Amino acid sequence: MYRFYEDFTTHTDDFAAYNIEVEKTSNLEHKHGRVENGGYSLNCSGNKHLLMTPPLCDFSLSAKAKFTTTSFSIAAQDRNVFRNAGLFFVFDYNTVSKCGKKIEVVYNLEGKLTISLIALNGIKHEEIDSKVYYNVDLCVDKTYEFKADANGNNICGNFDNYTFDFDLSERTKGRVGIGRCEFAGCLLYNDVLLTSDDI
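Keep in mind that what you see is a predicted model, and the values were worked out from it rather than measured. (Residues numbered from 1 in each chain as written. Predicted model: local features only at pLDDT ≥ 70, side-chain atom pairs only at ≥ 80, totals over all residues. Heavy atoms only, no water.)

1. Quick look at the pairing of strand S10 (residues 124–133)
No. 1: Bridge count for strand S9 (residues 113–121) against S10 is 9 bridges, and the pairing is antiparallel. Bridging across to S10, Leu113 finds its partner in Tyr133.
No. 2: Counting the residues in the hairpin turn of S9 and S10 gives 2 residues, including Gly122, whose phi is positive at 65°. (Pairing = 2+ DSSP bridges. Helix = DSSP H or I, 4+ residues; strand = E, 2+ residues; numbered from the N terminus.)

The following block contains the structure:
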């Protein structure tokens, strides 16, 4: 069984993660991700932080992350910092064609949590399926666990206690990566574990 694990306890001299390759969506000069505060802080929305693994099809992924604020954010007591707070992970991703899929988890301040399966084709993102939960309260600085199991034509898992189960089509081996959605707060990944029988 192939196993990848990153807990972000080590980093390069400029605080980049050793086992993450960043596919940037902007030309900003900073590293777009930084090892700090006991984890990996994602600085820009939309970037794909690809795990340094071979292309995979079937896998199990587990990641722990928390939503928090930084000195650059609006005051912590202003919950607008977390409007549309969210995270995602990509899979079946081809870095040449820019095609693949992603699971995206987005919270809004009205208590709605949406977990979506999205097809990626260059800059085009098309929602395939989604699961919606209501009366959800996002807790700042709480560590959330995200799990996903991709097996054949199915992917299922959970974010905290909120589950998803989606059918898949046109599977292919590809890269797996993590990311954040666009919101004013900060997303800090504590660790990432991936296992696969593909290798």
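2. Considerations on the environment of Glu127
No. 1: Note on placement: Glu127 falls in strand S10.
No. 2: A residue is classified by how much of its surface remains accessible, and Glu127, at 48% relative accessible area, is partly exposed.
No. 3: Distance in space between the C-alpha atoms of Glu127 and Asn158 is 18 Å, their sequence separation being 31 residues.
No. 4: Once you skip the residues sitting within four places of it in the chain, Glu127 turns out to touch Ser116, Leu117 and Ile118.
No. 5: A distance of 3.4 Å separates a polar atom in the side chain of Glu127 from a polar atom in the side chain of Ser116.
No. 6: For Glu127, the side chain forms a polar contact with the side chain of Ser130, separated by 3.4 Å. (Buried < 20%, exposed > 50% of the residue type's maximum accessible area, 1.4 Å probe, protein only. Contact = heavy atoms within 4.5 Å. Polar contact = N/O pair within 3.5 Å; in protein donor to acceptor, adjacent residues only side chain to side chain.)

3. A look at the packing of aromatic side chains
No. 1: Applying the stated criterion across every chain yields a total of 11 aromatic pairs.
No. 2: Each ring, one from Phe146 and one from Phe164, has its centre 6.0 Å from the other, and the planes form 25°; the classification is stacked. Taken together, the positions of Phe146 in strand S11 (residues 144–151) and Phe164 in strand S13 (residues 162–167) put the pair 18 residues apart, joining distant regions of the chain. Phe164 carries the same exposure label as Phe146, and that label is buried.
No. 3: Connected via pairs of aromatic rings, a cluster forms that spans Phe59, Phe89, Phe91, Phe146, Phe164 and Phe166.
No. 4: Sitting above the plane of the Phe88 ring, Lys102 keeps its charged end 4.5 Å from the centroid. (Phe/Tyr/Trp six-rings, centres within 6.5 Å; stacked < 30°, edge-to-face > 60°. Lys NZ or Arg CZ within 6 Å of the ring centre and 35° of its normal.)

4. Examining the sheet that holds strand S7 (residues 85–94)
No. 1: The 7 strands lie next to each other as S2-S5-S14-S7-S8-S9-S10, forming an open sheet whose pairing is antiparallel. Each having just a single partner strand, strand S2 (20–23) and S10 make up the two edges of the open sheet. For this sheet, the mean angle separating the axes of adjacent strands, direction not counted, is 25°. (Axes fitted to C-alpha atoms, helices over the stretch in contact; angles between N-to-C directions.)

5. So, the environment of Val96
No. 1: Tracing the backbone shows Val96 in the loop between S7 and strand S8 (99–107).
No. 2: A residue is classified by how much of its surface remains accessible, and Val96, at 74% relative accessible area, is exposed.
No. 3: The spacing of Val96 and Ile118 is 22 residues in sequence and 18 Å in space, taken between C-alpha atoms.

6. As for a negative patch on the surface
No. 1: Together, Glu127, Asp129, Asp165 and Asp167 make up a negatively charged patch on the protein surface.
No. 2: If you trace the backbone, Asp165 turns up in strand S13.
No. 3: Residue Asp165 is classed as exposed on the basis of its relative accessible area, which comes to 53%. (Patch = residues over 30% accessible without salt bridge, like charges linked within 9 Å, V, L, I, M, F, W, Y side chains within 5 Å. Areas by Shrake-Rupley, 256 points an atom, 1.4 Å probe, with all protein chains shown as cover. Salt bridge = Lys/Arg side-chain N within 4 Å of Asp/Glu carboxyl O. Lys, Arg positive; Asp, Glu negative; His and termini not counted. Charge placed at Lys NZ, Arg CZ, Asp CG, Glu CD.)

7. Notes on the side chain of Glu6
No. 1: By secondary structure assignment, the location of Glu6 is in strand S1 (residues 2–6).
No. 2: Salt bridges are absent for the buried Glu6, whose nearest opposite-charge side chain, Arg3, sits at 11 Å.
No. 3: Not counting chain neighbours up to four residues away, the residues in contact with Glu6 comprise Asn19, Asn190, Asp191 and Val192.

Any functional reading would require information beyond the geometric quantities listed.
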